[in-house]
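Geometric and topological summary
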Amino acid sequence: MTSYETRRKQFIEQLAIVRNDNLKAQKQFLVDLQGSHSGYAHLMSPDDVNWIAPLALEPFLPAVDVLLDCMQKKMCFYDETFFDEDLKENVVIERADCYFEETTFASNEELKKEIGEHIMSLFPKLSDVELKEYFDTFLPWEYREKIQAELLKRNDKDALLHLAMDYRAGDEASGIFIDFDKARQIYDQLGVKKGDFDDEDFDPVKEVADLRKNAIESFPEFATFVVEGSSAPAVKHLIEELNDIFGEKGEMYFNIPLEVLMEILVGSKYYVGYIQTLTEHSPQKIEFTAEFYSCSPDCLMHALLQSFEDINVTFTHTK
């Protein structure tokens, strides 16, 4: 039995006990799950929401973190064997993969909203550190924005600098899309002076120029998207309307600028790429292809999920 298989067995055995154990044991289990055991969360069953959700509604931060994380993605540990040329023997290492196309728990928007509203009601009792920790979870963006606003009222510089960096690099899975102008506004608001930190000369215009330059010099990443659900026709209609305006007439490919689509969806015009083809498989299922420069297909997947209700979006990398 490999090291992973041993730890996997131990995790499952512990989980079976914890489900019916006291609150103290359950809370400690979730604290451990936040840390080195996070890659075993996919071994939990959908029914585990029933004992984690009440703790998240207290709110108990590790429960909030684990619950929302499992509704957002699936992270898996596994063993990988390779031959070590120096030792001249097979070596087993533990690897971890993260999948945003799959989730451990089904997303529950009502539960997320209830948790967010309860956390907001506790703002006067929560410290800056606690607010930052809730901000770093997968709470819906509307509540993370309110946490930011509360930290701003408290003049928390660290939180604002963190947000500025998110706007520069993008944290699409959390609802933050690249916006160089917002990043610069935060720096100006903080009154950052030259020499205070490494980014004092940050210039949105230069960032856009660099983005364009890197896009021209980079190789594109191709992906095929499948969109299903009652909002699929709305996505199809949007792409077709944009093709009427920006598409290359008479050509096989649409070549709709990604920056235009992303600006409509999430207000960010800082993603470079093109929507190429569109196919309707059924009234509630469409497929389209796209190419991306200096950004990942994840950005568009998260933008669509954030912008449309009752929709499932997946993509596969293509050549």
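In short, a report on the structure. (Residues numbered from 1 in each chain as written. Predicted model: local features only at pLDDT ≥ 70, side-chain atom pairs only at ≥ 80, totals over all residues. Heavy atoms only, no water.)

**Remarks on unusual backbone geometry**
For the record, the criterion: Runs of E in the DSSP output that reach at least two residues are strands. Runs of H or I that reach at least four are helices, and both are numbered from the N terminus.
A cis geometry characterises the amide bond from glutamate 58 onward to proline 59, with omega recorded as 0°. In this structure, proline 59 sits in the loop between helix H3 (49-56) and helix H4 (61-72). Phi angles above zero are rare outside glycine, and lysine 88 is one such case at about 60°. Within the secondary structure, lysine 88 is located in the loop between strand E1 (74-84) and strand E2 (89-99). Look at asparagine 255: it is not a glycine, yet its phi comes out positive at around 55°. Tracing the backbone shows asparagine 255 in the loop between helix H11 (232-246) and strand E4 (256-257).

**Points about helix H9 (residues 180-190)**
Formally: Throughout this description, buried means an accessible area under 20% of the type-specific maximum (1.4 Å probe, protein chains only), exposed means over 50%, and partly exposed covers the range between. This arc corresponds to the set of directions leading from the helix axis out to the C-beta atoms. Identification of polar contacts relies on pairs of N or O atoms within 3.5 Å, with a donor-acceptor requirement for protein atoms, meaning one able to donate a hydrogen and the other able to accept it, and with residues adjacent in sequence counted only if both atoms are side-chain atoms.
For H9, the complete set of buried residues consists of Phe180, Ala183, Arg184, Ile186 and Tyr187. What you see down the axis of H9 is that its buried residues fit within an arc of 155°, all on one side. In H9, the exposed positions that point more than 90 degrees away from the buried face belong to Gln185 and Asp188. The opening residue of H9, the one whose side-chain oxygen lies 3.2 Å from the backbone nitrogen of aspartate 181, is aspartate 179. Looking at the residues trailing H9, positive phi occurs at glycine 191, about 65°.

**A few points about the nonpolar core**
Basically, it comes down to this: We call a set of buried Ala, Val, Leu, Ile, Met, Phe, Trp, Tyr and Cys residues a nonpolar core when their side-chain atoms join them within 4.5 Å. Here a residue-residue contact requires only that any non-hydrogen atoms of the pair lie within 4.5 Å.
Core analysis: the biggest nonpolar cluster contains 51 residues, and Leu30, Met44 and Leu67 have the highest contact counts within it. Residues contacting methionine 44, with those up to four places away along its chain left out, are Phe11, Leu15, Leu33, Ile52, Val66, Cys70, Thr104 and Phe105. One finds Leu238, Leu258, Leu265 and Phe308 within the second-largest nonpolar core, a separate group that totals 39 residues.

**As for the pattern of salt bridges**
Any two side chains of opposite charge can pair, on the condition that their charged atoms come close. What counts is decided by this rule: Salt-bridge detection follows one rule: a side-chain nitrogen of Lys or Arg within 4 Å of a carboxyl oxygen of Asp or Glu.
Under the counting rule described, the total for this entry stands at 10 salt bridges. Across the pair aspartate 188 and arginine 184 runs a salt bridge, and its minimum N-O distance is 3.1 Å. Here aspartate 188 pairs with arginine 184, and both are found in helix H9, just four residues apart, close to one helical turn. Where lysine 236 meets glutamate 240, a salt bridge forms, and the shortest distance between an N and an O atom there is 2.9 Å. A residue pair is termed a helical-turn pair when its members lie 3 or 4 positions apart in one helix, as lysine 236 and glutamate 240 do in helix H11 at four residues. Judged by relative accessible area, lysine 236 falls into the buried class, the value being 19%. For glutamate 240, a relative accessible area of 32% gives the class partly exposed. Linked by salt bridges that have partners in common, Asp128, Glu150, Lys153 and Arg154 make up one network.

**Things to note about the sheet that holds strand E6 (residues 285-293)**
Across a sheet, strands are paired by hydrogen bonds formed along the backbone, either parallel or antiparallel in direction. Put simply, the rule is: Being paired, for any two strands, means DSSP has found at least two bridges between them.
Reading across the sheet, the five strands line up as E4-E5-E6-E3-E7 and stay open at both edges, with antiparallel pairing between neighbours. On the outer flanks of this sheet lie E4 and strand E7 (312-318), each paired with one strand and no other. With eight bridges joining them, strand E3 (residues 221-228) and E6 adopt antiparallel strand pairing. Residue pairing across strands places glutamate 221 opposite phenylalanine 292, the latter belonging to E6.

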